[in-house]
Amino acid sequence: MAAALGSRAARRMRHLLSALKPGIQIPRAGPAAAFGSSVTSAKAAVNGVHLHYLRTGGGEHAVLLLPGMLGSGETDFGPQIENLNKKLFTVVAWDPRGYGHSRPPDRDFPVDFFERDAKDAIDLMKTLKFKKVSLLGWSDGGITALIAAARYPSYVSKMVIWGANAYVTEQDTEIYQGIRDVSKWSEKTRKPLEALYGFDYFARTCEKWVDGIEQFKHLPDGSICRDLLPLVQCPTLIVHGEKDPLVPRFHADFLHRHVRGSRLHLMPEGKHNLHLRFADEFNKLAEGFLQ
């Protein structure tokens, strides 16, 4: 695929595949094992499935971490689970249905899968007896957070999102097709996800994700959730890595223009996984915004 895109696009694709999800931890005996005794691991029955989550901290402010494509709380948010202020926040990191340890069922991608994730996320936090919640959403998790904030405005206090988009363009489609075949991913990126899922499930689910996200290209204006953005009422911080190979800058600018009162914070050296590569800077930024 990359060879057919021309030399410039091929270089971009190689960069993308080598940096898609660095820093992922290989799961150990139990989902919380990588984080020590201060992190608890559990499942909750929500909307007909059993959703897995990690929980840490004892603060009054509940914060839900929403992972990206193929992600889980453990693989996507290690530095946040370990280091967000446990006196100020109670941090919950969930695995959306079909991802991580929220299996069965296998992951599928009906056209409303983001809406389904948003409802699952909010209903999970309500099941856990939180009265309100703030959202930290990365990539697909950022889209889920936007929908959740729009659909449940009285329940969402604040929101930080990064690597998210509200619609799909031809440029996005080119990027998605470039990551369809996981055998072309770098070994560093591929192996932890193989350990979590097994190669067949990992490869099959990535292909299904590409087809699922491309459904939106055929909707009016390629919309995923662009019509919902004016409904977001909570204070919102949009963070964008200027070197993000997966989500171009124009997506962050669009969100900033259409989410009323939002703030846009640019990280010049940030890539798609800026919360992992620049964890201390990101955590400080998020904590300051949430307080």
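Our structure is the block above this text.
Conventions we followed
- Every chain begins its residue count from 1, and numbering advances along the sequence as written.
- pLDDT decides what is reported in this predicted model: residues at 70 or higher carry local features, side-chain atom pairs at 80 or more are listed and counted, and totals for whole chains, interfaces and linings draw on all residues regardless.
- In computing side-chain values, all of the structure's heavy atoms are included and hydrogens and water are not.
- Salt-bridge detection follows one rule: a side-chain nitrogen of Lys or Arg within 4 Å of a carboxyl oxygen of Asp or Glu.
- What counts as a helix is a DSSP run of H or I of at least four residues, what counts as a strand is a run of E of at least two, and both are numbered from the N terminus.
- Working definition: with a 1.4 Å probe on protein chains only, accessible area under 20% of the residue-type maximum means buried, over 50% means exposed, and in between means partly exposed.
- By definition in these notes, contact holds between two residues if any of their heavy atoms fall within 4.5 Å.
- Here a polar contact is recorded for every N or O atom pair within 3.5 Å, except that within protein the pair must consist of a potential hydrogen donor and a potential acceptor, and residues adjacent in sequence are included only if both atoms are side-chain atoms.

## Description of the pattern of salt bridges
Scanning all chains against the criterion turns up 12 salt bridges. Of the charged contacts in the structure, one is a salt bridge between Arg97 and Asp120, with a shortest N-O distance of 2.7 Å. Residue Arg97 is located in the loop between β4 (89–94) and α4 (113–127), and its partner Asp120 is located in helix α4; the two are separated by 23 residues in the primary sequence. Comparing Arg97 with Asp120, the two get one shared label, buried. Residue Glu115 is joined to Arg151 by a salt bridge in which the shortest nitrogen-to-oxygen separation is 2.8 Å. Remark: Arg151 occurs in helix α5 (residues 140–151) and Glu115 occurs in helix α4; sequence separation between them is 36 residues. Classification of Glu115 by relative accessible area gives partly exposed; the value is 29%. Judged by relative accessible area, Arg151 falls into the partly exposed class, the value being 44%. What emerges from the salt-bridge pattern is a single network uniting Arg190, Lys191 and Glu194.

## Description of the environment of Arg260
Topologically, Arg260 is positioned in the loop between α9 (249–258) and β8 (263–267). Judged by its relative accessible area of 57%, Arg260 is exposed. The spatial distance from the C-alpha of Arg260 to the C-alpha of Cys234 is 8.8 Å, given a sequence separation of 26 residues. Those residues in contact with Arg260, other than ones at most four positions away along the chain, are Pro230, Val232 and Gln233. Looking at Arg260, its side chain comes within polar contact range of the main-chain oxygen of Pro230, at 3.5 Å.

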